[in-house]
Amino acid sequence: MDPEKQRLTLHIGSHSIVTTIRRKDEENLKRVESELNNLWNQWRVMNPSKEDDEVLAMVAFQFAKLYYDTVEINRKREDELLKFIKEYEKKLNDVII
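Residues numbered from 1 in each chain as written. Predicted model: local features only at pLDDT ≥ 70, side-chain atom pairs only at ≥ 80, totals over all residues. Heavy atoms only, no water.

Engineer: If you had to explain the packing of aromatic side chains to someone new, which residues and values would you point to?
Structural biologist: Here the structure, examined in full by the defined rule, presents two aromatic pairs. With a centroid separation of 4.9 Å and 85° between ring planes, the pair formed by Tyr-67 and Tyr-68 is classed as edge-to-face. Assessed through its relative accessible area of 56%, Tyr-68 is described here as exposed. Centroid distance Phe-84 to Tyr-88: 6.0 Å. Interplanar angle 25°. Geometry classified as stacked. Taken together, the residues Phe-84 and Tyr-88, both in helix H2 (residues 52–96) and four residues apart, mark about one turn of the helix. In this structure, Arg-44 is placed above the aromatic ring of Trp-40, and the distance from its NZ or CZ to the ring centre is 4.3 Å. (Phe/Tyr/Trp six-rings, centres within 6.5 Å; stacked < 30°, edge-to-face > 60°. Buried < 20%, exposed > 50% of the residue type's maximum accessible area, 1.4 Å probe, protein only. Helix = DSSP H or I, 4+ residues; strand = E, 2+ residues; numbered from the N terminus. Lys NZ or Arg CZ within 6 Å of the ring centre and 35° of its normal.)

Engineer: How would you explain the nonpolar core if you had to name every residue and give the values?
Structural biologist: In this structure, Leu-8, Leu-10, Ile-12, Ile-21, Leu-36, Leu-39, Trp-40, Trp-43, Val-55, Leu-56 and Val-59 together form the largest nonpolar core, which totals eleven residues. Of all elements in the fold, only strand S1 (5–12), helix H1 (26–46) and H2 reach the threshold of two or more residues within this core. It is H1 that contributes the most residues to this core, four residues altogether. (Core = buried A, V, L, I, M, F, W, Y, C linked by side-chain atoms within 4.5 Å.)

Engineer: Break down the packing of H1 against H2 for me, with residues and values.
Structural biologist: Direction vectors running N to C along H1 and H2 enclose 130°, while the axes themselves pass 9 Å from each other. The angle between H1 and H2 places the two elements in the oblique class. Regarding H1 and H2, the two cross each other, and that crossing is right-handed. From H1, Glu-35, Leu-36, Leu-39, Trp-40, Trp-43 and Arg-44 reach across to H2, where they touch Asp-52, Val-55, Leu-56, Met-58, Val-59, Gln-62 and Phe-63. Looking at the contact of H1 with H2 residue by residue, the class counts come to nine nonpolar, one polar and three charged. (Axes fitted to C-alpha atoms, helices over the stretch in contact; angles between N-to-C directions. Parallel < 35°, antiparallel > 145°, perpendicular 65-115°, else oblique. Left-handed = near helix turned anticlockwise from the far one by under 90°. Contact = heavy atoms within 4.5 Å. Nonpolar A, V, L, I, M, F, W, Y, C, P; charged D, E, K, R; others polar.)

See below:
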């Protein structure tokens, strides 16, 4: 195995996932694992009639929504920055020319 990679077992909900990761990503992945489990445990307490896998699906949806909300916010921010750069370059060109 590549020395920069390692095998890692993540415990998410009632499941264990064995995967190969870059060593430098381990801390972040452990933090994600912890956040997923915190939310899973909270929602299990709030929804005792739901099966564990159903609660896990709710957690997965929540994180997917967060991801896509963040992607959209970043896309809008990038559009605003590109607009600003174009306007700045135009003004700069007007001053120089």
